Amino acid sequence: MEDQDHIAFIGVGVMGYAIAGNIRKKMSRKAHLYVNDVNRSAAERFAQEFGSHGSIHVVDSAKEAASHAKVVISIVPGADDVCEVFLDPATGVIAAPKDADRLMLDCSTIDCRSSRTVGEKLKDAGSGTFVDAPVSGGLPGAQAGTLSFLVGHTAPSDSDPMSRRIEAVISMMGSPDKFFWCNSPGAGLAVKIANNYISCTTLLTIAEAMAIGVRSGVDPSLLYNCIKSSTGQSWMCDNVQPVPYVLPHVPSSNDYKPGFKSQMMIKDISLGVEAGREVRIEPKTGETALKVFEQAARDPRCIDRDGSSVYLWLTGDTTEDYAKKREH
Ligand SMILES: *[C@@H]1O[C@H](CO)[C@@H](O)[C@H](O)[C@H]1NC(C)=O
């Protein structure tokens, strides 16, 4: 059985839906995709939307999906969900017929330790190879099939057939120039968590610095342009600038449309803070940012909006204030 003739996909939430859609388009028309989600109607909606590209089977459990496929791809919200999908004795992948050749790629963002434990249990049970492969690039990357992948496995080489199989599968979802081979189980997640620790805490730092500069009498666009050419420059400042109307194509200038929701910031910083404690590095910046985002995520001006709306929480402003100013 060729890997790509039968693929199981678990979790068609926002990201999973878009990723699985790309996979269905890139599989051969004759190939079969088995889709499972705790919300069966989400899987059915998916089958309706993408069924014209080839067969899609909506199945009732991860076990059933894995019974039909040598490749299992999953993307679910948290570590508990990953455990349930793979290890549940009645409905999990572990309950499917044993197959040491099975490749399981988990694209969820969870803590390293849980991911490693799941992988070890699956290996011990003879269920196959479990690899952490968290993604970045957000919904646009998922839809375009240009995600970047952080893979908890060694780089592809002909002496390791598994590495080539992983490469072939992730090439259906992302851009090969953005595949990072992190060498060992859990390491893909460790990289993702470290990176997101920076992006989340930096966003708060930028929001505070912009608010301080603006209150001190500087025009926000002038302030941004000076920072952009100085040592304070960062990817977050240039692409998720939190002050409205400084840059046109960022969430803050579009009513803080996410992007990356305020509530999601909490999950990512928490993972970083917990990882720090686990390895005895005091995550001071993360702890502070976590407290702030926990409060901001309860603020009606921030709920369900992009995380950069923490700027409104800090300043007490509303988006209407900026819209009004703009009209004058
Ligand atoms: C289940 O999926 C359907 C279809 O995508 C969606 O409308 C509904 O809100 C989902 N239910 C839950 C509880 O997420």
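Residues numbered from 1 in each chain as written. Predicted model: local features only at pLDDT ≥ 70, side-chain atom pairs only at ≥ 80, totals over all residues. Heavy atoms only, no water.

1. As for the UniProt feature "domain: 6-phosphogluconate dehydrogenase NADP-binding" (unreviewed entry) in the chain
Thinking step 1. Taking the numbering used here, the UniProt-annotated feature "domain: 6-phosphogluconate dehydrogenase NADP-binding" (unreviewed entry) corresponds to residues 7-154.
Thinking step 2. As a span, residues 7-154 carries 40% helix and 22% strand, and end to end its C-alpha atoms are 22 Å apart. (UniProt positions renumbered as here; feature names shortened; annotations may be inferred. Helix = DSSP H or I, 4+ residues; strand = E, 2+ residues; numbered from the N terminus.)

2. Considerations on the pattern of salt bridges
Thinking step 1. Taken as a whole and judged by the stated rule, the model has twelve salt bridges.
Thinking step 2. One salt bridge in this structure joins Arg40 and Glu44, with 2.8 Å as the shortest N-O distance. Here the residue Arg40 and the residue Glu44 both occupy positions in helix 2 (residues 40-50), the gap between them amounting to four residues, near one helical turn.
Thinking step 3. Glu44 gets classed as partly exposed once you look at its relative accessible area, which sits at 36%.
Thinking step 4. When the shortest N-O distance is used, the salt bridge between Arg277 and Glu287 registers 2.9 Å. (Salt bridge = Lys/Arg side-chain N within 4 Å of Asp/Glu carboxyl O. Buried < 20%, exposed > 50% of the residue type's maximum accessible area, 1.4 Å probe, protein only.)

3. Examining the pairing of strand 6 (residues 129-132)
Thinking step 1. With burial as the criterion, each face of strand 6 is covered, one bearing Thr129 and Val131 and the other bearing Phe130 and Asp132.
Thinking step 2. Two strands pair when backbone bridges link them, and strand 5 (residues 103-106) and strand 6 are joined in this way by four bridges, in the parallel orientation. Paired with Leu103 across the strands is Thr129, a residue of strand 6.
Thinking step 3. Read as a crossover between parallel neighbours, the route from strand 5 over helix 5 (residues 112-124) to strand 6 is right-handed. (Pairing = 2+ DSSP bridges. Right-handed = clockwise from strand over helix to strand, strands pointing away.)

4. Some thoughts on the UniProt feature "active site" (unreviewed entry) in the chain
Thinking step 1. If you check UniProt for "active site" (unreviewed entry), the listed places come out as Lys192 in our numbering.
Thinking step 2. By the secondary structure assignment, Lys192 is in helix 8 (residues 187-215).
Thinking step 3. Among residues more than four places away in sequence, those in contact with Lys192 are Thr109, Pro134, Val135 and Leu150. (Contact = heavy atoms within 4.5 Å.)

5. Description of helix 12 (residues 284-296)
Thinking step 1. With 13 residues, helix 12 extends 19 Å from end C-alpha to end C-alpha; this agrees with the ideal 18 Å at 1.5 Å per step.
Thinking step 2. Buried residues of helix 12: Gly286, Ala289, Leu290, Val292, Phe293 and Ala296, and no others.
Thinking step 3. Those residues of helix 12 that are buried are in contact with helix 8, helix 11 (262-278) and helix 13 (310-315). (Expected span 1.5 Å × (residues − 1).)

6. So, the packing of helix 1 (residues 14-26) against helix 2
Thinking step 1. One way to put it is that helix 1 packs onto helix 2 with a least axis distance of 11 Å and a crossing angle of 35°. Between helix 1 and helix 2 lies a crossing of right-handed hand. Only Ala42, Arg45, Phe46, Glu49 and Phe50 of helix 2 make contact with helix 1, whose side of the interface consists of Tyr17, Ala20, Gly21, Arg24 and Lys25.
Thinking step 2. Broken down by class, the residue content of the contact of helix 1 with helix 2 amounts to five nonpolar, one polar and four charged. (Axes fitted to C-alpha atoms, helices over the stretch in contact; angles between N-to-C directions. Left-handed = near helix turned anticlockwise from the far one by under 90°. Nonpolar A, V, L, I, M, F, W, Y, C, P; charged D, E, K, R; others polar.)

7. Let's talk about the sheet that holds strand 3 (residues 55-58)
Thinking step 1. With parallel pairing, six strands are arranged side by side in an open sheet as 3-2-1-4-5-6. Strands at the two margins of the open sheet, each flanked by one partner only, are strand 3 and strand 6. Strand-to-strand twist of the sheet, defined as the mean angle between neighbouring strand axes without regard to direction, takes the value 20°.
Thinking step 2. Contacts from helix 1 reach strand 1 (6-10), strand 2 (32-36), strand 3 and strand 4 (71-74) within the one sheet, and its direction differs from that of strand 1 by about 170°.

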